[in-house]
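Listed below are the residues making up each chain.
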Amino acid sequence: MLGNVLVNAALEQCQKTIILLTEMSCTTSDSAGLDPCVLRDELLELWHLKDQQMLHLAALGGFSRLPEPLEDLLSILEGCPGKQKGRSHTAGHCILMEFQAWRKKHPQVTLSALSEQQASTLQQRALLLVADNQSTFIESLVDIYQLKSVDGTILQQHIVRLQALNLYKEAAMLGMKLHRQKELDLEEMCVPLILLNKLSLAESFVTGHSHLEKHLVTLLDSWCHPSFSLEEICRRFSRLSVSRHCMDQIQPKMLTKHVFRLMEKFNIDQGLCPNALHKRRLDTLRFLMYSRFMEKSMTEENWCDHVQYVVEDDPQLQVQLVQMLVKHAGLEKASQWSLKYNVPRNQLPIGVWETQQDLPPHLQQVDPNKPEQTRSMPPPSTCEKFYQVPLTEERIHLVDTPEVLSRCQKVVLKEGGVVGVDMEWQPTFGCSSSQQVALMQLAVTDQVFLLDVCAEGFGQHPETVSFIRSLFSSKNVLKLGYSTSGDLRCVLSTWPQFSEEPLVTQGVLDLVNVHQKIQRSKVNRTQNGSKEVLVGEGSAEKGLSLLVQQVLGRPLDKREQMSNWKKRPLRASQIRYAVADAYCLLEVYTVLKSNPAHFGLPDDLQNISSRQSEKSKGKKPKEQQTEQIKQSQGKEECQRAQRVSRPHSDKEKDLLCGEKPSADSPPLPPQQLRVVCDNMLQGLGRTLRCLGVDVVMLENSDDHRVAAKLARAEGRVILTCGQPFLTLRSQVGEGRCLSLDCSEKAKDQAVRVLRHFNVQLTPSDIFSRCQVCNSNRYAAVSRQDMARMLQQKGFLQEWDTECAQDEETTPGLTLDLPRYSQHCQWVALSDLDPDTMTFPGGAPLQLHTVPPGLLPRVPHFYVCTRCGKVFWEGSHYDRVVSMFEELLHVSAPESAAEPTDVALQDSSVKSSQTWNVTSE
């Protein structure tokens, strides 16, 4: 009640003020005028009351009464609170917008009406406000005070002053608003922005200035060189505080992506970026080696074609190719390729030169062009293992002329027909984002047409363009595809006509939506008394091949997927692959349509796509959806990860991430949960190790596919987030991959994971693993042994030998093992080599990280035998217990013999700090 009275009183006072201001604005010009401080206080009071209408009226009346509007406006803005927060709803921003509206009715209020000295003074005051506010605020000040006309030397000095204050973002924004990019040093402006993870602002700074665009891209390319040192850059900008997260973003893989993206955005020649190009080609070479010799998903012919393209003009890559071949294929193959590229003897791996001398003449050359396989039928082993098209060779037609296209058109565009559509293009391995169609496959019930887009004069022929437009725009012909969005992007890249006159697509059913619906279905399907292949269960297949395996019983043979599709003539194996990719869509659709309930689908398959389209069209504004997304995200992530099999457990229950497990769900000790964390979740990995979970973490330079390889080889569950989830999930099968929210803190992510797998965390699990290397093998070291070793290596000059002797002679003195000792493997200190101070695995004891001042206070140390890290008891244990108190299960009071306040202290930090220990 009292609050309402006060508000009403304030409103009445403000109304009186407005009336007074209005009256004052109507008085003669020789009156005293209005004090800007009084007007500021009144406007601020109205702003706090959130009465926009009254504020507007008060501003209009008040600005008209100011004796010097331009000077007084600066006084008002300088006295407004919160001007440095850069929010659109600050009082200063609101007042400035009102002044702009008032100024339109008073065009005589300009800077040109003042003397040159007065104008210069006001401009310099306005510059001080520019640095503290957001873009729209800056634009208004630039306009009102004509800041673009300020002397260039003064502007440059002001920008340098902002840089000296570590206001790099504000300096860049001011430079852009005043169009001073050409006069400013690009590296001084952009390098700090990149270090602060504001590359997008650096892009905006150079956009529209071709020489600056090239400079920025070549600068990033120089950072991709192996000899690049981030430490040197940080020393150059020593006054800049760079977080670890920002530092992690500056690594070759991420920089290479940015370089290629900017090369395309700014239309810059790849020749200006040799380091990024070399890095991308090296990554491509590694991918080719993995595909050919690990996955065995690429034929020899395709592999040879791509390898020669990748290493052709790069002698360094040719050497690396030989080194990789020694590891993956043996000395003979490595010798053949070393002879092909004349790799110098001093750069050859051991054994390659000797193998070269023993090679017979017919093996001394690499011949990827094997004799063309003329038979249309694949080998019997392939027929048994993979899906086969039930068509003879006569039913497959190569379309490469308008005449043949005319016959194709009559069959494909038949009203009421169903057509399987697929496309092939030349792999670019990330070196270019624009991919053009090389072959288009169109399958109908009893025949398949292969449109050879690469045929001379055919691809861009008007009749070809007209046919493709008619095909995709016909609503009376059902087009089946799988992930059609990618195909349509290639169509637009191949035929620019469809961008100029937009291509209308109707009657398209993307089976990827149907597949996702099947994957979400919990229907158990059996056929002929035997269990069918469930979605992703024990299968290495993915995408369309997985769908074909689920529905038709056998997967697709994808070995020709990465073919050189522009090379002519096509091999018989390429034609078989292309035909199968299109025709299988028809057979999958027929089976699904005949019995949709069997796969958990609605009767009308086309409604699956249409429902999702309607959802996307009817989305609410972003600000209205944010809260809904946060609330539903956990459930969606865990629904994707259903059927996750727990290690060493036969039972499986569906759990929702972030919810408490059901009462009958079997508990799982942390030591039995084995996961692999993607390189985007390293913080989560360290936290889980801290709680005793067995965690392998990818390095920043590792490809996401490494996670799938580790998961399959070691029976681990993948923890990832973002786009890689879709790819990784299909490689390890449904339920073996869990997607998390990257925006959450590592602690919250860890809680989700533990609840999802019903992990029963106990106090004795905390710190049972090394957070650095994931080992759970430790050696206990007494204070006297630690002092002796420190003295032996010269890290300790003096030590109280009398105290050490007292400890040594005290009868019955033993090392007290920490409370998590039951989950660790303890080894004898005798395993340590006394001369080299290394453990049997080769890890040196990191004595240099132990502060000598700890010795009087710490009686026992614990050493990880895998990495050599030294830890000691601290206070961090209680903090971790407090963080995860809601998940801890305490069955009985801790033994009195155990330490009461135990945590491991990292030897690499000061003694007053503590360190989180985690799992492998």
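Here, every reference points to the structure presented above.
All values derive from a computational prediction rather than experimental measurement.

Visitor: Explain the overall build of the protein to me, please; I cannot follow it from the model alone.
Guide: From N to C terminus, the protein includes 37 helices and 17 strands. Residues counted as buried form 48% of the 920 residues belonging to the protein. For the protein, contacts bridging at least 24 residues in sequence account for 70% of all contacts bridging at least 6. Carbon and sulfur atoms form 50% of the exposed surface of the protein, whose accessible area is close to 45200 Å².

Visitor: Teacher, can you tell me more about the sheet that holds strand E1 (residues 396–399) here?
Guide: Pairing between sheet strands relies on hydrogen bonds along the backbone, with the strands arranged either parallel or antiparallel. One open sheet accounts for six strands, arranged E1-E4-E3-E2-E5-E6; its pairing is mixed. The strands lining the two open edges of the sheet, one partner per strand, are E1 and strand E6 (508–510). Strand-to-strand twist in this sheet, taken as the mean axis angle between neighbours without regard to direction, amounts to 25 degrees. Pairing analysis gives four bridges linking E1 to strand E4 (residues 448–452), with the strands arranged parallel.

Visitor: Any chance you could explain the nonpolar core here in plain terms?
Guide: One recurring pattern in soluble globular proteins: nonpolar side chains tend to sit buried together. Among the nonpolar cores identified, the biggest contains 84 residues, and Phe-63, Tyr-145, Leu-147, Leu-195 and Trp-223 are the most heavily contacted of them. Of the residues forming this core, the biggest block, seven residues, is contributed by helix H10 (residues 186–195). Setting aside residues up to four positions removed in sequence, Phe-63 forms contacts with Leu-39, Pro-69, Ile-76, Ile-95, Glu-98, Phe-99 and Trp-102. Leu-391, Leu-509, Val-548 and Leu-586 belong to the second largest nonpolar core, which has 38 residues in total.

Visitor: Looking at this structure, I do not really get empty space enclosed by the protein. What am I missing?
Guide: To find leftover empty space, a probe the size of one water molecule is rolled over the atoms. Within this structure, the stated rule accounts for two cavities of 30 Å³ or more. Of the volumes computed, that of the largest cavity is approximately 70 Å³. Elements with a contribution of two residues or more to the lining of the largest cavity: strand E2 (418–425), strand E5 (478–481) and helix H24 (484–494). Looking at side-chain class alone, the lining of the largest cavity contains six nonpolar, two polar and two charged residues.

Visitor: Teacher, can you tell me more about the pattern of salt bridges here?
Guide: Side chains bearing opposite charge may pair, as long as their charged atoms lie close to each other. Taken as a whole and assessed by the stated rule, the structure comprises 23 salt bridges. The partner of Glu-78 in a salt bridge is Arg-125, with the nearest N and O atoms 2.9 Å apart. With Glu-78 in helix H4 (residues 69–78) and Arg-125 in helix H6 (residues 116–130), this residue pair connects regions lying 47 residues apart in the sequence. For Glu-188, the salt bridge identified is with Arg-236, shortest N-O distance 3.4 Å. With Glu-188 in helix H10 and Arg-236 in helix H13 (residues 230–236), this residue pair connects regions lying 48 residues apart in the sequence. Under the relative-accessibility criterion, Glu-188 is labelled partly exposed at 28%. Via salt bridges that share partners, Arg-674, Asp-694, Glu-714 and Arg-716 belong to a single interconnected network.

Visitor: Can you help me understand unusual backbone geometry in this one?
Guide: In this model, Arg-568 is joined to Pro-569 through a cis peptide bond whose omega is 0 degrees. Relative to the elements of secondary structure, Pro-569 occurs in the loop between helix H27 (543–552) and helix H28 (572–594). Phi at Asn-166 is positive, roughly 65 degrees, even though this residue is not glycine. When you line up the elements, Asn-166 lands in the loop between helix H8 (152–164) and helix H9 (168–177). One non-glycine residue, Asn-758, lies in the positive phi region at around 55 degrees. Along the chain, Asn-758 falls in the loop between helix H34 (746–756) and strand E13 (777–782).

Visitor: Is there a simple way to explain the side chain of Gln-320 in this structure?
Guide: If you trace the backbone, Gln-320 turns up in helix H18 (residues 315–328). Gln-320 has contacts with His-278, Leu-282 and Leu-285, leaving out every residue within four places of it along the chain.

Visitor: So what exactly am I meant to see when it comes to the packing of aromatic side chains here?
Guide: Within a pair of aromatic rings, the relevant descriptors are the distance that separates the centres and the angle that separates the planes. Evaluated as defined, the whole model comprises 13 aromatic pairs. Between Phe-861 and Trp-872 the ring centres are 6.2 Å apart and the planes differ by 75 degrees, which places this aromatic pair in the edge-to-face class. Of this pair, Phe-861 sits in strand E15 (residues 860–864) while Trp-872 sits in strand E16 (residues 870–873), and the two are eleven residues apart along the sequence. Summarising the burial analysis for this pair, Phe-861 and Trp-872 share the class buried. Within the aromatic cluster, the residues linked to one another by ring pairs are Phe-293, Trp-303, Trp-337 and Tyr-341.

Visitor: What is the right way to read the pairing of strand E9 (residues 674–677) from this model?
Guide: Within a regular strand, the side chains alternate between the two sheet faces. The pairing of E9 with strand E10 (residues 694–697) spans four bridges and is parallel. Note that in E10 the partner of Cys-677 across the bridge is Met-697. After leaving E9, the chain enters helix H31 (residues 682–690) and then returns to the sheet as E10, a path that is right-handed. In this structure, E9 lies alongside strand E11 (residues 717–720), joined through three bridges in parallel fashion. Directly across from Val-676, in E11, lies its bridge partner Ile-718.

Visitor: I keep staring at the sheet that holds strand E12 (residues 737–739) and nothing clicks. Help me out?
Guide: Strand order in the open sheet made by the four strands is E10-E9-E11-E12, with parallel pairing throughout. Edge positions in the sheet fall to E10 and E12, since each has one partner strand and no second. Taking the axes of each pair of neighbouring strands and ignoring which way they run, one obtains an average angle of 25 degrees across the sheet. Note: E11 against E12, three bridges, orientation parallel. Residue pairing in the sheet places Leu-719 in a bridge with Leu-738 of E12. Packing of helix H32 (residues 705–714) onto the sheet brings it into contact with E9, E10 and E11, and relative to E9 it is tilted by some 170 degrees.

Criteria and thresholds
- Residues numbered from 1 in each chain as written.
- Predicted model: local features only at pLDDT ≥ 70, side-chain atom pairs only at ≥ 80, totals over all residues.
- Heavy atoms only, no water.
- Helix = DSSP H or I, 4+ residues; strand = E, 2+ residues; numbered from the N terminus.
- Buried < 20%, exposed > 50% of the residue type's maximum accessible area, 1.4 Å probe, protein only.
- Contact = heavy atoms within 4.5 Å.
- Areas by Shrake-Rupley, 256 points an atom, 1.4 Å probe, with all protein chains shown as cover.
- Pairing = 2+ DSSP bridges.
- Axes fitted to C-alpha atoms, helices over the stretch in contact; angles between N-to-C directions.
- Core = buried A, V, L, I, M, F, W, Y, C linked by side-chain atoms within 4.5 Å.
- 1 Å grid on protein atoms, 1.4 Å probe; cavity = no way out; pocket = protein on both sides within 12 Å on 5 of 7 lines; lining within 4 Å.
- Points joined across faces, edges and corners; volume = space filled by probe spheres on them.
- Nonpolar A, V, L, I, M, F, W, Y, C, P; charged D, E, K, R; others polar.
- Salt bridge = Lys/Arg side-chain N within 4 Å of Asp/Glu carboxyl O.
- Phe/Tyr/Trp six-rings, centres within 6.5 Å; stacked < 30°, edge-to-face > 60°.
- Right-handed = clockwise from strand over helix to strand, strands pointing away.

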